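Breakdown of the fold
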Protein chains: 2
Amino acid sequence: MLSQKTRYAIRAMQHLADNYGQGPIQLAQIAEAQNIPAKFLTTILSELSRFGIVDSQRGKDGGYRLAVSPIDITYGDLIRLMRGSLALVPCASRFAHEKCKNCLEEGDCRTRALMLEVRDRTAELLDGVRLSDRIDPVPAQVDDQD
Amino acid sequence: MLSQKTRYAIRAMQHLADNYGQGPIQLAQIAEAQNIPAKFLTTILSELSRFGIVDSQRGKDGGYRLAVSPIDITYGDLIRLMRGSLALVPCASRFAHEKCKNCLEEGDCRTRALMLEVRDRTAELLDGVRLSDRIDPVPAQVDDQD
DNA sequence: TGTATTGTCTACTTATTCAGTTGAGAATAG
DNA sequence: CTATTCTCAACTGAATAAGTAGACAATACA
């Protein structure tokens, strides 16, 4: 699961993408529109700013804007940035690869091939959609069946 | 990421699958072969037993065995059992669907469609491989690039 | 110059989850 | 009836997540 913080970051970035090229957007406005606790959002936006993916401006009429065109930011980028990896297990990560603790040797691992496949396919999907893409919302789920 | 407990559960189940039809396997043996803390494994196996996916037998020469043929257990089943869901966000889960906390209305959600696609594709892969399948291990990763 | 505004940063706090242990108990074989 | 093996509830300690507090820095504008 994505953490709450990652989800907030995604929504904040969508908000900035929707207002790209329109001058700085204030934190308070994002917080309200996206239903994110304002104080927590400061942590998140400062972090994104340190990552260099948003620019910030202080003082009157200050705020935040994307540092990069929304066409150049994928959902995969955002999740990797906030969470470190798209993979289900450390040994199946491609950018943050490390040995799974207490596991057998990687060469003997019975699931790594499958986990790599899942991570690759997930990356393909998440890197295929950009912040500039308008995604049609799917109707809310009614049934309760995963 | 999968929790350590989920990863232990998967390895324990693989061990039982490898010894399917050969009488009960003792916890201590699984723990040693799979490098899992024995006491923790009791918690895990008892849980799996309560789920009805393994049978246990107490007393001398007791142990555990799969309650179901390994051909009828997929990796997706195991992860869902231990983690509750394959999805990246609660609202994209199909079997454990619930609203994401502090989110916008589902009908307005900009990422749900994408998250549903990821979860469906992940499920397809994970439910396509069974405990009975012998997966060829992938050579250990050398480079560090996810 | 100075004051209101808006973001930055470090350091908490509090809640939750994870990982694992303890220890008493119950079934079974012999 | 005893040794073995699983069962179960409760507990602990560590890590992570989620969020808050509050002092500080930059900027605009008067």
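Residues numbered from 1 in each chain as written. Chains lettered and ligands numbered in written order. Predicted model: local features only at pLDDT ≥ 70, side-chain atom pairs only at ≥ 80, totals over all residues. Heavy atoms only, no water.

**Observations concerning the overall build of chain A**
Each helix and strand in chain A was counted, giving five helices and two strands. For chain A, the sequential pattern of α-helices and β-strands runs α-α-α-β-β-α-α. The dimensions of chain A, computed from C-alpha atoms along their principal axes, are 60 × 40 × 25 Å. Scored against the burial criterion, the 146 residues of chain A give a buried share of 49%. Counting only carbon and sulfur atoms, one obtains 48% of the accessible surface of chain A, whose full area is about 7,000 Å². Where the 19 positive side-chain charges of chain A centre and where its 20 negative ones centre are 6 Å apart. (Helix = DSSP H or I, 4+ residues; strand = E, 2+ residues; numbered from the N terminus. Buried < 20%, exposed > 50% of the residue type's maximum accessible area, 1.4 Å probe, protein only. Areas by Shrake-Rupley, 256 points an atom, 1.4 Å probe, with all protein chains shown as cover. Lys, Arg positive; Asp, Glu negative; His and termini not counted. Charge placed at Lys NZ, Arg CZ, Asp CG, Glu CD.)

**Considerations on helix α1 (residues 4-18) of chain B**
Across its 15 residues, α1(B) extends 21 Å between first and last C-alpha, which sits within 8% of the 21 Å expected from 1.5 Å per residue. Of all 15 residues that make up α1(B), 13 are buried, and the element is covered over most of its length. (Expected span 1.5 Å × (residues − 1).)

**A few points about the pairing of strand β1 (residues 54-57) of chain B**
Residues and elements named next belong to chain B. Here β1 runs beside strand β2 (residues 63-66); their pairing, made up of four bridges, is antiparallel. Within the sheet, the bridge partner assigned to Ser56 lies in β2 and is Tyr64. Taken together, β1 and the strand that follows it, β2, pair antiparallel across an intervening segment of five residues, in which Gly59 is found at a positive phi of about 80°. (Pairing = 2+ DSSP bridges.)

**A short note on the pattern of salt bridges**
All names here are of chain A. Across all of its chains, the model carries 18 salt bridges over all chains by this definition. Notably, a salt bridge pairs Asp77 with Arg80, separated by 3.7 Å at the nearest N-O pair. Taken together, the positions of Asp77 and Arg80, both in helix α4 (residues 75-83) and three residues apart, correspond to about one turn of that helix. Its relative accessible area of 16% is what places Arg80 among the buried residues. (Salt bridge = Lys/Arg side-chain N within 4 Å of Asp/Glu carboxyl O.)

**As for unusual backbone geometry**
Residue and element names in this part refer to chain A. Of note in this structure, Asn102 is not a glycine but carries a positive phi near 60°. By the secondary structure assignment, Asn102 is in the loop between α4 and α5 (112-126). The class of Asn102 is partly exposed, set by a relative accessible area of 28%.

**Remarks on the interface of chain A and chain B**
Chain A puts 65 residues into the contact, and the matching count from chain B is 65 residues. Interface area for chain A against chain B, summed over the two sides, is near 5,800 Å², with a carbon-plus-sulfur share of 54%. Inspection of the chain A/chain B interface yields two salt bridges. Along the contact surface separating chain A from chain B lie 12 residue pairs in polar contact (both at pLDDT 80 or more). Elements with a minimum of two residues in the side of chain A that touches chain B: α1 (4-18), α2 (27-34), α4 and α5 of chain A. (Contact = heavy atoms within 4.5 Å. Buried area = accessible area lost by both parts, 1.4 Å probe. Polar contact = N/O pair within 3.5 Å; in protein donor to acceptor, adjacent residues only side chain to side chain.)

**What about the protein's contact with DNA strand D?**
As a structural note, the neighbourhood of DNA strand D is formed by 27 residues, with Lys39(A), Gln26(B), Ser56(B), Gly59(B) and Tyr64(B) the closest of them. Restricting the count to atoms of DNA strand D within 4 Å of the protein gives a sugar and phosphate share of 70%. One nitrogen or oxygen atom from the side chain of Ser56(B) is found 2.6 Å from a phosphate oxygen belonging to DNA strand D. Lys101(B) places a side-chain nitrogen or oxygen 3.1 Å from a phosphate oxygen of DNA strand D. Elements with a minimum of two residues in the surface near DNA strand D: α1 and α3 (38-51) of chain A together with α3 (38-50), β1 and β2 of chain B. (Near = heavy atom within 4 Å.)

**Here we look at the protein's contact with DNA strand C**
Gln26(A), Ser56(A), Tyr64(A), Gln4(B) and Lys39(B) are the nearest of the 26 residues found near DNA strand C. Backbone atoms, meaning sugar and phosphate, make up 67% of the atoms of DNA strand C lying within 4 Å of the protein. With respect to DNA strand C, the side chain of Ser46(A) contributes an N or O atom lying 3.2 Å from a phosphate oxygen. Within the contact set of DNA strand C, a phosphate oxygen lies 3.2 Å away from a backbone nitrogen or oxygen of Gln4(B). Elements that contribute at least two residues to the surface near DNA strand C include exactly α3, β1 (54-57) and β2 (63-66) of chain A together with α1 and α3 of chain B. Split into classes, the residues belonging to the surface near DNA strand C amount to five nonpolar, 12 polar and nine charged. (Nonpolar A, V, L, I, M, F, W, Y, C, P; charged D, E, K, R; others polar.)

**Quick word on the packing of aromatic side chains**
Given two aromatic rings, one states the distance between the centres and the angle between the planes to describe the pair. All names here are of chain A. In total, this model carries two aromatic pairs over all chains according to the counting rule given. Aromatic side chains Tyr8 and Phe40 sit 5.8 Å apart centroid to centroid with 85° between the ring planes, which places their arrangement in the edge-to-face category. Remark: Phe40 occurs in helix α3 and Tyr8 occurs in helix α1; sequence separation between them is 32 residues. (Phe/Tyr/Trp six-rings, centres within 6.5 Å; stacked < 30°, edge-to-face > 60°.)

**Quick notes on the domain arrangement of chain A**
Residues and elements named next belong to chain A. Each domain of chain A was delimited in the assignment, giving domain 1 (4-66) and domain 2 (74-126). With centres defined by C-alpha atoms, the gap from domain 1 to domain 2 works out at 28 Å. Taken residue by residue, the interface counts 10 residues in domain 1 and five residues in domain 2. Both sides of the domain 1 and domain 2 interface together cover about 730 Å² of buried area, and 85% of this is carbon and sulfur. Interface area lost by domain 1 to domain 2 is led by Thr6, Ile10 and Phe51, which between them contribute 52%. Where domain 1 packs against domain 2, one counts zero salt bridges. Counting every contact that joins domain 1 to domain 2 gives one residue pair in polar contact (both at pLDDT 80 or more). Put simply, the parts of the chain that give the side of domain 1 that touches domain 2 at least two residues each are α1 and α3. Residues belonging to the side of domain 1 that touches domain 2 are distributed by class as follows: six nonpolar, two polar and two charged. (Domains from an automatic or database assignment.)

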